[in-house]
Every structure is written in C-alpha cells, then in structure tokens.
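Structural characterization, general
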Amino acid sequence: MDALPHLENTNLEYASTKIVKGSDGKKHRRCTRAGGHDLSGHSSSAFFLPPDESHLTRTFPKTSMKDTCWLILQMHTAVLLADEKMLLDAKSEWSGTLVVLFRPAEELAVGARAMVEDGLYDASKFAVPKPDIVLGQHTHAFKAGMIALGGGAILTAVDSFDVQIFGKSGHICRAELFVDAVVTAIHIVVRYKVLSQKKCDQKNLRTANIIPDFVDLKISIRSYNPSIHERLVEAVKRVVYSECEISGSLAIGEPIFTTTMQAPPTVNDFLEAEILKKSFGEYFGRNLIPADHFGASEDISYLALGCDAPYVFYNFGCVDEDTWEEAKFKGTMEDIPHNHSAFFAPKI
C-alpha cells in the first residue's frame, strides 16, 4: 500500500510506526499514511454508505447503455470496497459491466502505466474489459460529504528529478582552491524557483569547515500545459548546466539527472464530467462543488489512454464537519492538515 517517508504525527492509536526500505534500497525513518490510501472503512461507510442504510432504497439514475463498461479507479482501499458494495446492492438500478481497480504506486505515478504495460487490457493475459469510461477518485482536505468535480485540466503534469552536482572538496580556509557544490546549488535554486529542495549528503559533509564534493538536489516541475511543461523541463536542465559551467563544476563532472516521477496532466472529459455532475448533483446537492486547479499529479490518464476511453477524476472530502465549520468560523482554514501532512487524519 502506498505510504510516505516521514513521521506520522496524528497521535491516533493506529498511527503508523513502521520503518521500511524505499525503492532505492535505503531505509526511511518512518512510513506514514498521509496520502490516505488506506482510508478507514468507517469513513467510507459514513460517506458512501449512510448509517441509516438509505443507500439500499435510494433510486439511482438508470442507464440505457446496457453494455457500458465502467472502470472505477481508487487508491483509497476501504472507500472503493464500500463503493463496490453500494453498487452491488443497487444492481437492479443500473446495467453494464463494473471493473473495480485497486492501483498500486500512486505516490510514484507509475502504477497505472505499469498495469497497462503489463497487459491489463490484453485478452491473452488479464482480459480486463476495455472500459467506456474511467472514473478516478481521491481524498482531499475539505468537509466530508463534499465532492469536487469539473471538466478540463484538473491536475498538473509532473517531472521530478534527483540531480547530483559535483564540486572539489577541501578545507574551507583555502576555498579559492576548490569548487563548492553547495554554492552552485544555491545559485540554481535562486535562478529557478521550481527547484524545490536542496540537501547535502551528511556522510560527505561532517563538519562546518569542509567544502563538500557534491550536492544532491530534488527538482519538481509541474504545469497544466504539455507544450509549456516540455519547455520548462528543458529550461531547468539548461539552468543546471549553465550554473555548473560558471562555477567550474562541469569540468569536474557533468550533473547526473535521475527521473523519480513523471506523469501527464489530468484533463477530465468535459462531456462526461457534465453527465457525472448531473448524477452527483441529485445525490450530493450543495455538497457538489466546482473543482479548483490543484497542483498535484496523477497517472490515472494512462488507464484511459491505454484503451482510448474518456476519464473523469474527482476529489471527495474527508475532514470532520465540526472541525471544518470551526475552522471556517475562526478563519483558520489554512491550518487544516492536507494530504501529505504528518498531521493528516481522515475522519472515521
């Protein structure tokens, strides 16, 4: 199950305390569920399956497309199990084929593409029916019971890199003889704001009077427009090479770029989004809200592109109503923990 490599500070009795190895083979300090990918069954019951079991008698809009195949994608395990139960309980109210897909590796944006490349729709392998529409859903830090849905660009494309920049190590008292990779990295960060994080390898830099011989940078580039995104990636690489050349780092070694994450933008089908809005609106009423542009990224589009189907991705809230209303009253909405925060704890 997807997790994030930082400390979970929710103080919940089921908070993760695991220490696991990452894909690079290195141990992370902690393994937290701040993405909400295990979202509690109680939470999904409260949200998708009302406690009064009214979902068993609620009338669902019947579809006339008897042969329609629906693929529902979900990273939040318990929620999708509840979705599946609700749809099976209401089978007399709809027709078609339902494919329920639990996708791995969402945080790395590689799971969906890997499934397609491994033969998800290949009749000779897994023979998953090619869907007429792909639906994807994700938790978000707004009030439980709310749905954010809209057509067009919803999430950004992303290219993330680890970049190693080289220098020449030595004692800081003779800095003129060496090439300080940290200074080079600082200039890169200043020149290009999308460079999100700078760090020095602590094994290599043990004291304050040593100039390190390399620095590791983490870069994340996000945009909604594919052509602009491609130019941004090229521009970032030019900045890195230029600063390395100016500092003398390039003469020691070329910077090493390692791609750590890559995904296209998530662009909802306008027509299908409007159809879904109508259906959701009948159920959620005022709790159906427009989807804002959100600088996160997803790989759901690979599941649709892999079979030439339209897709719609939407977010659902998971914040306790009392917490939400209190923050709204006090004007402290920005203090509500969001996804990937060590304090993120979906309501159960």
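Since this is a predicted model, take the numbers as computed values, not measurements.

**Focus on helix 2 (residues 77–89)**
- Here helix 2 is 13 residues long and its end C-alpha atoms lie 19 Å apart, about the 18 Å a rise of 1.5 Å per residue gives.
- Within the span of helix 2, buried status applies to Ala-78, Val-79, Leu-80, Ala-82, Asp-83, Met-86 and Leu-87.

**Comments concerning the packing of aromatic side chains**
- In total, this model carries five aromatic pairs according to the counting rule given.
- Ring centres of Phe-161 and Phe-257 lie 5.9 Å apart, and the angle between their planes is 90°; this geometry places the pair in the edge-to-face category. Of the two residues, Phe-161 is situated in strand 6 (residues 157–166) and Phe-257 in strand 11 (residues 256–263); the sequence distance between them amounts to 96 residues.
- The class of Phe-161 is buried, set by a relative accessible area of 4%.
- Centre to centre, the rings of Phe-280 and Tyr-314 are 5.2 Å apart; their planes meet at 90°, and the pair counts as edge-to-face.

**A short note on the side chain of Thr-184**
- Counting through the fold element by element, Thr-184 comes out in helix 4 (residues 181–191).
- Overall, the relative accessible area of 2% leaves Thr-184 in the buried class.
- Beyond its immediate chain neighbours, meaning those up to four positions away, Thr-184 contacts Ile-165, Glu-243, Cys-244 and Ser-247.

**As for unusual backbone geometry**
- Of note, Asp-308 is a non-glycine position whose phi angle comes to about 55°, a positive value.
- With respect to the helices and strands, Asp-308 occurs in the loop between helix 8 (301–305) and strand 14 (311–319).

**Overview of the nonpolar core**
- The biggest cluster of nonpolar side chains holds 18 residues, and the ones touching the most others in it are Leu-101, Leu-120, Tyr-121, Val-128, Val-134 and Leu-303.
- Element by element, the count of residues in this core is highest for helix 8, at three residues.
- Ala-185, Ile-188, Ile-221 and Val-240 belong to the second-largest nonpolar core, a separate cluster that totals 16 residues.

**Digging into the pattern of salt bridges**
- Summed over the entire model, instances satisfying the criterion amount to eight salt bridges.
- In this structure, Asp-299 engages Arg-103 in a salt bridge whose closest nitrogen and oxygen atoms are separated by 1.9 Å. You can see Asp-299 sitting in the loop between strand 13 (288–290) and helix 8 and its partner Arg-103 sitting in the loop between strand 2 (97–102) and helix 3 (111–117), a full 196 residues away along the chain. Neither residue differs from the other here; Asp-299 and Arg-103 are each classed as buried.
- Of the charged contacts in the structure, one is a salt bridge between Lys-143 and Glu-325, with a shortest N-O distance of 3.5 Å. Here Lys-143, found in strand 3 (residues 133–143), pairs with Glu-325, found in helix 9 (residues 321–330); they are 182 residues apart in sequence, far enough to count as distant.
- For Lys-143, a relative accessible area of 14% puts it in the buried group.
- The class for Glu-325 is partly exposed, based on a relative accessible area of 33%.
- One continuous salt-bridge network, built from bridges that share partners, spans Arg-103, Glu-298 and Asp-299.

About the criteria used
Residues numbered from 1 in each chain as written. Predicted model: local features only at pLDDT ≥ 70, side-chain atom pairs only at ≥ 80, totals over all residues. Heavy atoms only, no water. Helix = DSSP H or I, 4+ residues; strand = E, 2+ residues; numbered from the N terminus. Expected span 1.5 Å × (residues − 1). Buried < 20%, exposed > 50% of the residue type's maximum accessible area, 1.4 Å probe, protein only. Phe/Tyr/Trp six-rings, centres within 6.5 Å; stacked < 30°, edge-to-face > 60°. Contact = heavy atoms within 4.5 Å. Core = buried A, V, L, I, M, F, W, Y, C linked by side-chain atoms within 4.5 Å. Salt bridge = Lys/Arg side-chain N within 4 Å of Asp/Glu carboxyl O.

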